[in-house]
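# Examining the three-dimensional arrangement
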Amino acid sequence: MTRGVVAPSAMANPNYGPQGGRDAVAAQQAAAERQRPSGWPVGSFHTYAEAQQAVDMLSDRGFPVEQLTIVGVDLLQVENVTGRLTWPKVLGGGALSGGIFGLFVGLLLSLFSPGFILGPLVVGVVIGVIFGLIFSAIPYGMSQGKRDFTSATTIVAGRYDVLCAPANAEEARDLIANSQRTQTPPVGDTPLAGPGAEQVDREWTGRDDEAATPSPEEPARGFSFGATGPVEQGGKDTESPKAESGKASDRDDGNSGGER
């Protein structure tokens, strides 16, 4: 009877064996989860709450919501400055956080000394305040005043697209559109705009031009100051009829004067 011999190269492979096989499967699943989302856009919203409300509405109508995907497009890192940072604030915050942690430790210690409860609480608070002052003063002192403010950082998206599988994309689009027609949105909200608001006929790519594509008849830009000011259309400056008639009369006067 001949026994199979495992090649050294196979034994050196990290995916060899039960543990390696499980790791390979987990890596493949993680790679599949990181793929770009696919589907047809059925609605685009300015806030996540509006996109969540649309998906919740579809769920209430019995729509298979497992075919939907909410995608945040144009991600932005927003840092909101909350206040000025000074030594009193730094030391006060460190002492407060250290005192609270020390109080918690003192309560735990008091469970093992039922005869004297106040002692562990006082010791815990004092030690917590001391360590809080130290651990808050050292980082702030090392910064040398280069960051004298506090802030909170969040990640927001420019818009939120709701994608759906092509088989049921038109039904989802119609349900969202009908729901928005029956509701009166508050002033300043745009419940439905961008890709999927008018038609569902192409795959989602996440580009900005999908959200707002001007029509061929619409000029690129334009504004008007009135009958006496310049009028800009399509990036070219044109003068008002009164200004043109004034220039024409000046030319006629000049020509008549030359003939005389």
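From a predicted model like this one, the values you see are computed outputs, not experimental measurements.

### What about the overall build of the protein?
Scanning the protein from N- to C-terminus turns up 7 helices and 6 strands. Shown N-terminal to C-terminal, the secondary structure of the protein runs as helices and strands in the order α-α-β-α-β-α-α-β-α-β-β-β-α. Relative to its full complement of 260 residues, the protein shows a buried share of 24%. Long-range contacts, defined as pairs at least 24 residues apart, comprise 74% of the intrachain contacts of the protein with a sequence gap of at least 6. Roughly 18,300 Å² of accessible area belongs to the protein as shown, and the carbon and sulfur atoms make up 60% of that amount.

### What about the packing of aromatic side chains?
Applying the stated criterion across every chain yields a total of 3 aromatic pairs. Taken together, a centroid distance of 5.8 Å and an interplanar angle of 70° make the contact between Y48 and Y160 edge-to-face. Of this pair, Y48 sits in helix α3 (residues 48-60) while Y160 sits in strand β3 (residues 149-164); the two residues are 112 residues apart in sequence, bridging distant segments of the chain. You can call Y160 buried: its relative accessible area is 15%.

### A look at the side chain of N168
Relative to the assigned elements, N168 resides in the loop between β3 and α6 (169-182). Engagement of the side chain of N168 in a polar contact is seen with the side chain of Q67, the distance being 2.7 Å. Leave out the neighbours within four places in its chain, and N168 touches F63, P64 and Q67.

### Digging into the confidence of the model for the protein
For any part of a model where pLDDT is low, the fine detail of the predicted coordinates should not be relied upon. For the protein, per-residue confidence averages 74 on the pLDDT scale, and residues scoring 70 or more make up 59% of the total. Here residues 1-12 is a poorly scored stretch, pLDDT under 50, and it has 4 contacts once near neighbours within four places are set aside; other chains count. In the model, residues 186-199 has pLDDT below 50 throughout and makes 34 contacts with residues more than four positions away in sequence or in other chains.

### Comments concerning helix α5 (residues 118-143)
Residue pairs three or four apart in sequence face the same way in an α-helix, which turns once every 3.6 residues. Here α5 spans 38 Å end to end across 26 residues, near enough to the 38 Å set by a 1.5 Å rise per residue. Of all the positions in α5, only G119, P120, L121, G124, G128, G132, S136 and Y140 are classed as buried. For α5, the secondary structure elements touched by its buried residues are α4 (87-110). Where α5 terminates, the next one or two residues include Q144, which has phi positive at roughly 55°.

### What to know about a nonpolar patch on the surface
A cluster of nonpolar side chains, F116, L118, V122, V123, V126, I127, I130, F131, I134, F135, I138 and M142, forms an exposed patch at the surface whose accessible area comes to about 1,200 Å². Note that I134 resides in helix α5.

### A look at the sheet that holds strand β1 (residues 40-45)
The antiparallel open sheet is built from 3 strands, whose spatial order is β1-β3-β2. Strands with a single pairing partner mark the edges of an open sheet, and in this sheet they are β1 and β2 (68-84). Neighbouring strand axes in the sheet, compared pairwise and without regard to direction, differ in orientation by 30° on average. Pairing between β2 and β3: 15 bridges, direction antiparallel. Residue pairing for β3: V81 is matched across the bridge by S151. Along the sheet face, α3 touches β1, β2 and β3 and points at about 145° away from the line of β2.

### Things to note about the nonpolar core
When a protein is soluble and globular, its nonpolar side chains tend to lie buried together. Counting 17 residues, the largest nonpolar core has V42, L58, F63, L68, V162, C164 and I176 as its most contacted members. Only β1, α3, β3 and α6 provide two or more residues apiece to this core. Ranked by residue count, the leading element in this core is α3, at 5 residues. Not counting residues within four places of it along the chain, the set of residues in contact with V162 comprises W40, P41, V42, G43, F45, A51, V55, L68, T69 and I70.

### Some thoughts on the UniProt feature "transmembrane region" (unreviewed entry) in the protein
Mapped onto this numbering, the UniProt entry annotates "transmembrane region" (unreviewed entry) at residues 90-111 and 117-138. Structurally, residues 90-111 is divided into 95% helix and 0% strand, and its ends, taken at the C-alpha atoms, are 32 Å apart. Spanning residues 117-138, this segment combines 95% helix with 0% strand, and its end C-alpha atoms are found 33 Å apart.

Conventions and cut-offs
- Residues numbered from 1 in each chain as written.
- Predicted model: local features only at pLDDT ≥ 70, side-chain atom pairs only at ≥ 80, totals over all residues.
- Heavy atoms only, no water.
- Helix = DSSP H or I, 4+ residues; strand = E, 2+ residues; numbered from the N terminus.
- Buried < 20%, exposed > 50% of the residue type's maximum accessible area, 1.4 Å probe, protein only.
- Contact = heavy atoms within 4.5 Å.
- Areas by Shrake-Rupley, 256 points an atom, 1.4 Å probe, with all protein chains shown as cover.
- Phe/Tyr/Trp six-rings, centres within 6.5 Å; stacked < 30°, edge-to-face > 60°.
- Polar contact = N/O pair within 3.5 Å; in protein donor to acceptor, adjacent residues only side chain to side chain.
- pLDDT = per-residue confidence, 0-100.
- Expected span 1.5 Å × (residues − 1).
- Patch = residues over 30% accessible without salt bridge, like charges linked within 9 Å, V, L, I, M, F, W, Y side chains within 5 Å.
- Salt bridge = Lys/Arg side-chain N within 4 Å of Asp/Glu carboxyl O.
- Pairing = 2+ DSSP bridges.
- Axes fitted to C-alpha atoms, helices over the stretch in contact; angles between N-to-C directions.
- Core = buried A, V, L, I, M, F, W, Y, C linked by side-chain atoms within 4.5 Å.
- UniProt positions renumbered as here; feature names shortened; annotations may be inferred.

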